[in-house]
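Per-entry structural report
Here is what each chain is made of, one letter per residue.
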Amino acid sequence: MTAGPCASHRRTNSIVAMNRYDNTKLIGCVLVNHLRAKVEMRRQPHLKNRAVLIVDRSRGRPLVIDHFPAASDVDPGMTLEQALSRQANGVVLEADETAYRRVFDRMLRSLQGVSDRVEGAELGTAYARLDGLEDLYGGEARLVTTLLNAVSQDLAPRVGVGEAKFPAYVAARTSQPLGSVRVPPDAARFLAPHPVELLPVPPAVKEEMLRFGLHTLGDVSAMKQEALINRFGSAGQRAWELAQGIDDSPLVPLKHEESIVEHTDLPFASASLELLLTAVDTLLRRAFARTRIRGQYVNGAVLECVLYRAVPWVKQFHFKQPLGDWQQASRIIRSQLETEYPSAPMEGVSLALSGVTGESGTQLSLLADLRGDRERRLAGAERQLQARTGGKPALYRVAQVAPWHPAPEMRAMQVPLDDSGAGGMKPLSLPSPVAVREGPEGKPTAVRLGDRWQRIACIEDRWCFDLWWMPQPMTRTYYRVGREDGGEVTLFRDQRENRWFRQDS
């Protein structure tokens with residue numbers, strides 16, 4: 001009975017000696033508290049200041065698994081009934097674990113761009129090996145800053161850095177949002193004031209520790225290791241080691257899946273299929289233009305649309321044969337989107353190509369690709385023009401996205417011909433503010449064009465529309481007027497902004 005504790009004691013002493021003299025191991029813990037709540041606030045910002053409860057019903061009784069800041073008196077793990085007794089006006093949201101996991105997976109992929117050794121723990125917690133990377137990033141401070149910048153800032157990540165996973169995790173918990181904390185050399189002293197609830201041991205063990213008066217890690221550390229082992233077994237041994245700052249659990253890196261991810265924000269929220277197809281083609285052209293994918297093939301794609309006040313829309317595409325150019329991928333994706341696409345207005349589009357391989361599933365055509373040759377020549381001309389304009393896009397394609405729309409600037413987009421992604425889609429025919437003199441009925445009588453006022457000779461046409469249901473509502477009254485010099489101009493009064501604009505159609 002006594003051999004076990006003595007053997008474990010010798011093992012612990014060897015671990016202490018190893019940690020004391022081997023300083024090459026450096027681990028960063030990247031922590032996003034309340035990740036579920038932050039994802040919901042991103043999707044539904046109008047609820048940001050409400051007492052929102054995120055509920056999981058998969059285990060029978062509905063349990064609160066997260067909440068917004070306004071519901072600070074609610075604890076995760078409460079039943080919905082208990083939570084509503086504290087927040088009678090609370091807003092209940094059903095948990096969308098798929099969406100939360102998708103955001104976390106994207107966070108992990110971003111961290112893999114900083115370190116090649118990244119482990120995903122529970123939702124919102126990731127570990128990254130940092131040793132050996134300090135010189136690459138210009139020092140530990142810049143390396144930590146790069147870790148923070150790899151995560152979306154609205155998630156308010158925190159970073160803890162130490163020589164083992166558990167101390168790094170506790171350090172991350174003590175950090176400010178978008179900040180970092182380094183574990184000092186005396187890890188046990190640093191950990192001492194923190195509660196035993198942080199220990200990754202069974203809940204029953206922590207409850208019994210509290211009954212014995214062990215409330216902090218310092219209380220656990222002050223105990224004799226043999227006493228904890230005799231009472232709690234292997235969980236007691238692990239608790240004592242962690243309280244001492246000793247954590248020999250290895251970091252298990254995620255498998256690095258080769259993927260190409262591109263994203264674009266849409267100029268305006270719209271449910272137009274043509275706008276979505278234009279965005280998909282733009283992202284495909286960018287992705288296949290990447291240097292590291294040239295000559296390679298992809299097996300699939302994932303399309304994610306950020307929707308206005310709705311859950312993101314996600315669709316997976318599996319290619320029967322690996323594809324090596326964006327036109328082939330576009331044809332397959334377009335054919336499926338024409339029968340299934342988001343019904344809510346879209347605000348942004350992301351596309352991820354996966355399954356990158358060096359093998360093709362189709363034989364290349366021996367016939368000349370005349371369209372491709374023309375596009376390559378245009379791309380060459382674009383690069384020459386960019387060399388003269390400081391890298392700014394010079395040539396554009398015009399894509400009709402909503403020709404039926406009453407607002408001219410919503411009908412067509414200009415898309416940079418350059419595939420490098422230097423510029424995004426932009427609307428055409430944007431209105432510009434203009435000074436207008438009005439008559440008694442609010443009709444325009446004169447317009448200032450340049451430095452001169454031009455009298456309006458006649459109103460040739462008048463029309464109006466009220467798109468009050470759109471994400472950005474529009475209420476406009478248009479006038480096509482004849483000027484005294486014989487020219488024509490189209491003006492409109494924005495009823496919501498109470499301003500006049502000139503519209504080029």
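About the cut-offs
Residues numbered from 1 in each chain as written. Predicted model: local features only at pLDDT ≥ 70, side-chain atom pairs only at ≥ 80, totals over all residues. Heavy atoms only, no water. Helix = DSSP H or I, 4+ residues; strand = E, 2+ residues; numbered from the N terminus. Buried < 20%, exposed > 50% of the residue type's maximum accessible area, 1.4 Å probe, protein only. Contact = heavy atoms within 4.5 Å. Areas by Shrake-Rupley, 256 points an atom, 1.4 Å probe, with all protein chains shown as cover. Pairing = 2+ DSSP bridges. Axes fitted to C-alpha atoms, helices over the stretch in contact; angles between N-to-C directions. Polar contact = N/O pair within 3.5 Å; in protein donor to acceptor, adjacent residues only side chain to side chain. pLDDT = per-residue confidence, 0-100.

With that settled, the discussion passes to the overall build of the chain. Helix and strand content of the chain: 15 helices and 22 strands. Looking at the 505 residues of the chain, the share that counts as buried comes to 46%. The long-range share in the chain, meaning contacts at least 24 apart out of those at least 6 apart in sequence, stands at 56%. Of the roughly 26500 Å² that the chain leaves accessible, carbon and sulfur atoms contribute 50%.

We now examine the sheet that holds strand S13 (residues 396-400). Reading across the sheet, the three strands line up as S13-S14-S15 and stay open at both edges, with antiparallel pairing between neighbours. Among the strands making up the open sheet, the edge pair consists of S13 and strand S15 (426-427). Looking at chain direction, S13 and strand S14 (residues 412-416) are connected through five bridges and run antiparallel. Across the sheet, Val398 pairs through a bridge with Gln414, a residue of S14. Seen against the sheet, helix H13 (residues 273-288) touches S13 and S14 and runs at an angle of roughly 150 degrees to S13.

All right, on to the environment of Ser249 then. Mapping Ser249 onto the fold places it in the loop between helix H12 (234-243) and strand S9 (259-270). In sequence terms Ser249 and Lys165 are 84 residues apart; their C-alpha atoms lie 7.5 Å from each other. Every residue in contact with Ser249, bar those within four places of it in the chain, is listed here: Lys25, Lys165 and Arg238. Engagement of the side chain of Ser249 in a polar contact is seen with the side chain of Asp247, the distance being 2.6 Å.

Reading across from one edge, S9-S12-S10-S11 is the order of the four strands in this open sheet, with antiparallel pairing throughout. Since the sheet does not close on itself, it has two edges, and those belong to S9 and strand S11 (313-323), each with one partner. Each strand axis lies, on average, 15 degrees off the axis of its neighbour in the sheet, ignoring direction. Across seven bridges, the pairing between strand S10 (residues 298-307) and S11 is antiparallel. Its bridge partner lying in S11, Val298 is registered against Leu323.

With that settled, the discussion passes to the side chain of Gln454. Here Gln454 shows up in strand S19 (residues 452-467). Relative accessible area serves as the criterion here: at 9%, Gln454 is assigned to the buried category.

A few words on the confidence of the model for the chain. It should be kept in mind that the predicted coordinates are not to be read in detail where pLDDT is low. When the pLDDT values of the chain are averaged, the result is 84; 85% of them are 70 or greater. Segment residues 1-23 is flagged for pLDDT under 50; beyond a separation of four residues in sequence, or across chains, it makes 20 contacts in the model. The low-confidence segment residues 362-371 (pLDDT under 50) makes three contacts with residues lying over four places distant or belonging to another chain.

For helix H2 (residues 35-43), the buried fraction is high: seven of the nine residues fall into the buried class. Those residues of H2 that fall on the buried side of the exposure criterion are Leu35, Ala37, Lys38, Val39, Glu40, Met41 and Arg43.

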